[in-house]
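The lines below spell out each chain.
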Amino acid sequence: MSTAFVIFGASGDLTARKLIPALYNKFRKKRLPEALHIIGFSRTQFSDETFREKMKEAITKYTPHDYDESVWKEFARNLHYQSGDVDNIDHYQILKKRMSQFENRPENLLFYLATAPVLYPKVITRLHEASLTAESGQNGFRRIIIEKPFGRDLSSALILNNALHTVMDEKQIYRIDHYLGKETVQNVLVFRFGNAIFEPLWNRNYIDHVQITVAESEGVGHRAGYYDQTGALRDMFQNHLLQLLMLVAMESPVVFEAEALRNEKVKVLRALRDIPPEYSSRYTVRGQYEGYLSEEGVNPKSRTETYTTVQLYIDNWRWQGVPFYLQSGKKMKEKSSEISIQFRRPPTQILDIAAGKTELFTNRLSICIQPNEGMHLCFLAKVPDQGLQTHQVDMNYQFQDSFGSIVIPEAYERLLLDALLGDASLFARSDEIELSWKFIDGILSGWESEYAPQLFRYQPGSWGPDEANYLIGREGRWWIHECTQHQKSTTM
Ligand code: BG6
């Protein structure tokens, strides 16, 4: 069966930077379904040839090591372009006719919404009016992939979900969160549920707290227009950080299938303790980097946060009382995404005390999502020939050491292929989106209330505002940057 992959918003940055390179790479690895037509659709007037030229430039720019002229030529034969207005039903009819004239007429249709988010409802409605959304049992599949942001609060997400559910079943809808496409993020599941030794410890009896840090060294760059209306909480927490949280905190699904997996993830969101407005200064920190206000495209009086910390609790048997500290920001010291599981102290610190130490030791597991993908387990060892003196040592696993010959693929490669194959495990379901917005909306309403925390400034190149250290420090804890330390020691 032949398939059409139609990209709305094809002249945009995402198509050139991520989507086409991902599809090209999957084609190069011979993983794409046979007879796949890729059709770019957007307002800009391009011929097929110009579109191909632009996409070739994109591949040579964004994934230069993978470029191979003969593979490209073969791939380019499947690339087409249709200019049109996403709000004009006639242009969908033209698209439909065009597809019907392809040799090997596509029976399966996959639509990718990479337009400005305000256009999503229009595209959905027009696709439906052009009879492109219904699966009849006689035609092939009809699926839609939606790029983030999925709404900007609970009510807009509900409106979008309703628009989608009016024309499609939930099983036809694939909401992208590119963090779920990252190999190291999927490895959290394999690590937790494929090894018997960690799961018995993965609970409040053994874990003191969990940290999730997604730090970026870049500022807002050319996306200031979007970012200044969005901020770190909406841009990173509602999706990526809460997805990481769900994978760390969820129960094991009974089978590894989309519905079972997503049912377990949703239970974590249901158990999240709301942060009432009067507690927002206690449990959240908002920061803005120095110099943000003079970035091009940023309102010089902007109060948008470029950094956020949230301390949260999951009220269930496994996690009751265990704090989860989440932080994310731009212009931070280093680009580093890391999950840190801090275990409880041994009940007696006989060894430390014998060695006259004041800083007491705890075990720690750090999962390095990116860069320098790997894991570190920190434990105590005896220093030889020094009486009972102990030293903290590290058991180190690096993806590159074990799978050095395999280049870690871009997140989009996996996600686009999964959508083509009909596997929704790594996509967000409607209830996941709604519950995560509900939690985020709660924080936002605190930020808009009389109890709003101050917006603290921080230096570019730092680890965020000092207040984030005070928040975690008041309970005798501190931020862990284990993965960046390892990065340094291995590159030195
Ligand atoms: C995007 C955000 O979803 O994720 C960006 O909109 C952010 O602001 C990006 O820079 C981070 O992704 P990654 O894969 O580089 O960690």
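Above this text you will find the structure in question.
These numbers come from a predicted model, not from an experiment. (Residues numbered from 1 in each chain as written. Predicted model: local features only at pLDDT ≥ 70, side-chain atom pairs only at ≥ 80, totals over all residues. Heavy atoms only, no water.)

Caption draft 1: Structural view of the site of the ligand. If you check the shell around the ligand, you find Lys148, His178, Tyr179, Lys182, Glu216, Arg223, Asp235, Met236, His240, Lys330, Lys335 and Gln370 and nothing else. A distance of 2.8 Å is found between an oxygen atom of the ligand and a side-chain nitrogen or oxygen belonging to Arg223. Between an oxygen atom of the ligand and a side-chain N or O atom of Lys330, the distance comes to 2.8 Å. Considered on its own, the ligand offers 400 Å² of accessible surface; in the complex 81% of this is hidden by protein. Of all the elements, helix α9 (residues 231–249) adds the most residues to the shell around the ligand, at three residues. Its residues placed into classes, the shell around the ligand shows two nonpolar, three polar and seven charged. (Near = heavy atom within 4 Å. Polar contact = N/O pair within 3.5 Å; in protein donor to acceptor, adjacent residues only side chain to side chain. Areas by Shrake-Rupley, 256 points an atom, 1.4 Å probe, with all protein chains shown as cover. Helix = DSSP H or I, 4+ residues; strand = E, 2+ residues; numbered from the N terminus. Nonpolar A, V, L, I, M, F, W, Y, C, P; charged D, E, K, R; others polar.)

Caption draft 2: Quick look at the packing of aromatic side chains. Inspection of every chain in the model, using the stated rule, returns 23 aromatic pairs. Between the aromatic rings of Tyr397 and Phe399, the centroid separation amounts to 5.5 Å while the plane-to-plane angle is 40°, which identifies the pairing as tilted. Ring-pair connections join several aromatic residues into one group, and the members of that group are Phe8, Phe41, Tyr92 and Phe111. The cationic tip of Arg143 hangs over the ring face of Phe141; the distance from NZ or CZ to the ring centre is 3.5 Å. The ring of Tyr179 is capped by Lys182, whose NZ or CZ atom sits 4.6 Å from the centre of that ring. (Phe/Tyr/Trp six-rings, centres within 6.5 Å; stacked < 30°, edge-to-face > 60°. Lys NZ or Arg CZ within 6 Å of the ring centre and 35° of its normal.)

Caption draft 3: Local environment of the sheet that holds strand β1 (residues 3–8). One open sheet accounts for six strands, arranged β3-β2-β1-β4-β5-β6; its pairing is parallel. Looking at which strands have only one partner, the edges of the open sheet turn out to be β3 (79–83) and β6 (173–175). Geometrically, the sheet is characterised by an average inter-axis angle of 20° between neighbouring strands, direction not taken into account. Sheet topology note: the strand β2 (residues 36–42)/β3 ladder contains five bridges and is parallel. Within β3, the position partnered with Gly40 by the bridge is Tyr81. The strands that helix α2 (residues 48–62) touches are β2 and β3; relative to β3, the one it contacts most, it runs at about 120°. (Pairing = 2+ DSSP bridges. Axes fitted to C-alpha atoms, helices over the stretch in contact; angles between N-to-C directions. Contact = heavy atoms within 4.5 Å.)

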